Amino acid sequence: MSPLTAPMHLGLDIGTSSVKGVLIDSSQQIVLTATAPLTVSRPGPGWSEQAPDHWWKAANRVVKELAQKKPKAVAAVAGIGLSGQQHGATLLDRAGNVLRPAILWNDARSFAECRELETREPKARAIAGNIPLAGFTAPKLLWVRKHEPEIFARVAKVLLPKDYVRFRMTGDYASDLSDSAGTFWLDVGRRAWSDRLLAASDMRTDQMPSLYEGTEPTGRLTPGVAKSWGMPLRPVVAGGGGDNAASACGIGAVTPGSAFISIGTSGVLFVSNDRFRPNAERAVHAFCHAVPETWHQMGVILSAAASLEWLAGLLKTPAPKLAAGLGARLTGPSPTLFLPYLSGERTPVADAQARGMFTGLGHETGPKHLTHAVLDGVAFAFRDCLEALEAAGTVVSRVTAVGGGSGSKLWLEIIATVLGIPIDLPAAGDFGGAFGAARLGLIAATGMSFREVCTPPRIVRTIDPNPRLGEAYEAQYRRYTKLYPAIKEIHRS
């Protein structure tokens, strides 16, 4: 059998800005990738929506592009895994029709409903292991109940974005535990839907999809989709994972204590756990992992590389050029402080109404000072995440860096120094959600152990903390921690 007709496995990542497909062979070598763009609608202040049909059309474009380039490889696909943006509320009626545009993870309209959820169910945090956030799914449904009651009355199923694509692929209402943990309807410790959390938002278990581990098969492509996609084997579809859990499968962070730091549009400090370790008071995300009998914690910041892109837009200079303009040698923290709460913040403050700031500006302040302050501020936000994880009893001794921001050695040195731990850089490759999803598809199709499949990549470089600058950065971080308490009420008045 030639390499192009050996069993193949496909990962589809349903992101916010695009749908990405990664095709791998049985030895996990990437055969081909394809991407189709998506757009976000913002019909109101702080709102963020997408049409679910656009995800499906983009997924079809991705598969068709792969099939045009390597039809034999696509015809040999035996397993498909799904990864996706978390929390999005996709509302369907009894016939499976979409009732309204999906309300996305970065939509802030339901911040008041978060408080209502906890009033309705005083034990909500103990059950979910998380603090309710406006980005989560449950408060979105309370908002719909209040403001669009005629739509709420017709809701028969609520699906997450990747699971709507699964429904179109297989006809099944199914989800995996890592993605479902971000709805605020899951008893995360028990890995099951919670009737009490559902009741707090006037929802029922029959409106939820069936739950699976990310490695388990949930169904197969329908004959019609299999024919359209050129996949005669009618591949099995794995449970898959939320984007960060799937990325953890891609980077090999599936054993207790393994961790990665993602410096993308948003920022994530992710640690795999052998048991459920919540710290809701500090807005740590404590979720099920995409692999069995495993959980994970995340510290999440909403504007990581997005902060540098925002400054780049203001200064009309590409972000990589701004970062490169600081040179290669780190001499200490910027005298200017930056709070990167441009879209509110999750860990550790859980405040959708918070906003960012610069402080310490003077006549001498220029673009380099501001750029340096942004890099420092994001590093300090990651330090907040690390301290919240440590408060939950988790030890993080080193991390692997992924995401666009990991291309800046200076930024990684700042982060390593602020965190006080080494940062490993993997060999060049794709370790994102789509690749992790492809690995989950391989596991579902073959029955292999996730420990055998989800191995870490080769490390080519390690960035250590700068011992000369640790004390200076520690002092600047302590100043940084005073910013939010000083301004948190300003944007509520």
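The present account deals with the structure reproduced in this document. What you see is a predicted model; the values in this text were computed from it and never measured. (Residues numbered from 1 in each chain as written. Predicted model: local features only at pLDDT ≥ 70, side-chain atom pairs only at ≥ 80, totals over all residues. Heavy atoms only, no water.)

Turning our eyes to something else, we now look at the nonpolar core. Counting 56 residues, the largest nonpolar core has Ile261, Ile415 and Tyr480 as the members making the most contacts within it. With 13 residues, helix 14 (residues 367-391) is the single largest residue contributor to this core. Those residues in contact with Ile415, other than ones at most four positions away along the chain, are Ile261, Ile263, Ala379, Phe382 and Ile423. In terms of nonpolar packing, the next biggest core, distinct from the first, is built from 46 residues, Ala89, Phe184, Val188 and Phe287 among them. (Core = buried A, V, L, I, M, F, W, Y, C linked by side-chain atoms within 4.5 Å. Buried < 20%, exposed > 50% of the residue type's maximum accessible area, 1.4 Å probe, protein only. Helix = DSSP H or I, 4+ residues; strand = E, 2+ residues; numbered from the N terminus. Contact = heavy atoms within 4.5 Å.)

With that settled, consider the layout of surface pockets. Each pocket or cavity is described by its volume, and for the second largest pocket that value is around 190 Å³. In terms of lining residues, the second largest pocket is bounded by 14 residues, among which Ala305, Leu308, Gly404, Gly405 and Trp411 are the most central. Mapped by element, the contributors of at least two residues to the lining of the second largest pocket are helix 12 (305-315) and helix 13 (319-324). Counted by class, the lining of the second largest pocket contains seven nonpolar, six polar and one charged residues. (1 Å grid on protein atoms, 1.4 Å probe; cavity = no way out; pocket = protein on both sides within 12 Å on 5 of 7 lines; lining within 4 Å. Points joined across faces, edges and corners; volume = space filled by probe spheres on them. Nonpolar A, V, L, I, M, F, W, Y, C, P; charged D, E, K, R; others polar.)

Enumeration according to the criterion identifies one cavity of 30 Å³ or more in this entry. Counted as a void, the largest cavity has a volume near 50 Å³. Lining the largest cavity, in full, are Val158, Leu159, Leu160, Asp163, Ser175, Ser180, Thr183, Trp185, Trp193, Met208 and Pro209. Residue classes in the lining of the largest cavity are distributed as seven nonpolar, three polar and one charged.

Take Ala312: it is sitting in helix 12. By relative accessible area, which is 7% here, Ala312 ends up buried. Taking the C-alpha atoms as reference points, Ala312 and Pro367, 55 residues apart in sequence, are found 9.7 Å from one another. Once residues lying within four places of it in the same chain are set aside, the contact partners of Ala312 are Thr317, Pro318, Ala319 and Leu322.

Turning next to the packing of helix 3 (residues 111-120) against helix 5 (residues 137-147). Between helix 3 and helix 5, the shortest axis-to-axis distance is 9 Å and the interhelical angle comes to 100°. Compared by their axis directions, helix 3 and helix 5 come out roughly perpendicular. Contacts between helix 3 and helix 5 involve Glu113, Cys114, Glu116, Leu117 and Arg120 from the first element and Ala138, Pro139, Leu142, Trp143, Arg145, Lys146 and His147 from the second. (Axes fitted to C-alpha atoms, helices over the stretch in contact; angles between N-to-C directions. Parallel < 35°, antiparallel > 145°, perpendicular 65-115°, else oblique.)

Topologically, Leu177 is positioned in helix 8 (residues 177-180). Leu177 sits in the buried class, given a relative accessible area of 4%. In this structure, Leu177 is in contact with Leu186, Arg191, Leu211, Tyr212, Glu213 and Cys288, ignoring residues within four places of it in sequence.

The subject of this paragraph is the pairing of strand 22 (residues 399-402). Along strand 22, one buried face is formed by Val399 and Ala401 and the opposite face, lined by Thr400 and Val402, is buried too. Two elements, strand 16 (residues 259-263) and strand 22, share three bridges in a ladder whose sense is parallel. Among the inter-strand pairings, Phe260 is bridged to a residue of strand 22, identified as Thr400. You can see the chain leave strand 22, run along helix 15 (residues 409-419) and come back into strand 23 (residues 423-426), and the turn it takes is right-handed. (Pairing = 2+ DSSP bridges. Right-handed = clockwise from strand over helix to strand, strands pointing away.)

Following both chains from N to C, one finds helix 12 and helix 14 inclined at 165°, their axes separated by 9 Å at the closest point. By the angle between their axes, helix 12 is roughly antiparallel relative to helix 14. Regarding helix 12 and helix 14, the two cross each other, and that crossing is right-handed. Note on element contacts: helix 14 touches helix 12 through Pro367, Leu370, Thr371, Val374, Leu375 and Val378, opposite Ser307, Leu308, Leu311 and Leu315. (Left-handed = near helix turned anticlockwise from the far one by under 90°.)

Within this structure, the stated rule accounts for 31 salt bridges. Among the salt bridges present, the one from Glu116 reaches Arg120, with a minimum N-O distance of 3.3 Å. Taken together, the positions of Glu116 and Arg120, both in helix 3 and four residues apart, correspond to about one turn of that helix. Close ionic contact of Arg166 with Asp163 constitutes a salt bridge, the shortest N to O distance being 2.9 Å. With a gap of three residues between them, Arg166 and Asp163 both fall in helix 7 (residues 161-170), about one helical turn apart. (Salt bridge = Lys/Arg side-chain N within 4 Å of Asp/Glu carboxyl O.)

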